[in-house]
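# Observations on the model geometry
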Amino acid sequence: VDTSVINGRVVVKDGRITDVAIVGPSSVDGFNNASANAILASNPTEPLPPEYPADKAFFTVTFYYNEDPAGQ
């Protein structure tokens, strides 16, 4: 299974995504680039809700290539 794991954070509650990093790279550079670009292309995303208790929300996204995630 080829996967790319991306970390990032939404800051200032306005939906901007910053600090995108590949933390679990695929063995295929093109998959890593496509994963990072997918996150960056969605920037900005929806703002955090006003009741969200922090200024930042950290997230991790796993992209699966050529296979379904286990159990799906």
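Before going into details, it helps to say that this report is about the structure given with it. Sequence positions are assigned chain by chain, starting from 1 and proceeding in written order. Residue-level local features of this predicted model are given only where pLDDT is at least 70; pairs of side-chain atoms are given and counted only at 80 or more, and the full residue set underlies all totals for whole chains, interfaces and linings. Note that the side-chain values use all heavy atoms of the structure and ignore hydrogens as well as water.

Turning next to the side chain of Asn 32. Numbering of helices and strands runs from the N terminus; a helix is a DSSP stretch of H or I covering at least four residues, while a strand is a stretch of E covering at least two. On the secondary structure map, Asn 32 appears in helix H1 (residues 29–41). Here a polar contact is recorded for every N or O atom pair within 3.5 Å, except that within protein the pair must consist of a potential hydrogen donor and a potential acceptor, and residues adjacent in sequence are included only if both atoms are side-chain atoms. Within polar-contact distance, the side chain of Asn 32 engages the backbone nitrogen of Ser 26 at 2.7 Å. When residues no more than four places from it in sequence are discounted, the contact partners of Asn 32 are Ser 4, Ile 22, Pro 25 and Ser 26. Contacts between residues were defined by any pair of non-hydrogen atoms, one from each residue, lying within 4.5 Å.

A separate point is the pattern of salt bridges. Pairing between side chains of opposite charge can happen when their charged atoms approach one another. The salt bridge criterion pairs a side-chain nitrogen of Lys or Arg with a carboxyl oxygen of Asp or Glu, the two atoms within 4 Å. Across all of its chains, the model carries one salt bridge by this definition. With a shortest N-O distance of 2.9 Å, Asp 14 and Arg 16 are connected by a salt bridge. Buried means the residue's accessible area, taken with a 1.4 Å probe over protein chains only, is under 20% of the maximum for its type, while exposed means over 50%, and partly exposed covers the values in between. A relative accessible area of 36% places Asp 14 in the partly exposed class. Judged by relative accessible area, which is 37%, Arg 16 ranks as partly exposed.

This paragraph deals with the packing of aromatic side chains. A pair of Phe, Tyr and Trp rings is counted when the ring centres sit within 6.5 Å of each other, with Trp represented by its six-membered ring. The angle between the planes then sorts it: under 30 degrees is stacked, over 60 is edge-to-face, the rest tilted. A complete count under the given rule lists one aromatic pair for this structure. Arranged with centres 4.1 Å apart and planes meeting at 5°, the rings of Phe 31 and Tyr 65 form a pair that is stacked. Taken together, the residues Phe 31 in helix H1 and Tyr 65 in strand E3 (residues 56–65) connect sequence positions 34 residues apart.

Here Thr 62 lies in strand E3. In this structure the C-alpha to C-alpha distance between Thr 62 and Ile 22, which are 40 residues apart in sequence, comes to 9.9 Å. In this view, Thr 62 contacts Thr 3, Ser 4 and Val 5; residues no more than four positions away in its chain are not counted.

This part takes up the environment of Pro 44. Mapped onto the fold, Pro 44 is located in the loop between H1 and E3. Between the C-alpha atoms of Pro 44 and Thr 18, which are 26 residues apart in sequence, the distance is 9.5 Å. In this view, Pro 44 contacts Gly 15 and Arg 16; residues no more than four positions away in its chain are not counted.

Within the element layout of this structure, Gly 8 appears in strand E1 (residues 2–11). Along the sequence, Gly 8 and Leu 40 sit 32 residues apart, while their C-alpha atoms lie 9.9 Å from each other. Ignoring anything within four residues of it in the chain, the contact list for Gly 8 reads Thr 18, Asp 19, Val 20, Ala 57, Phe 58 and Phe 59.

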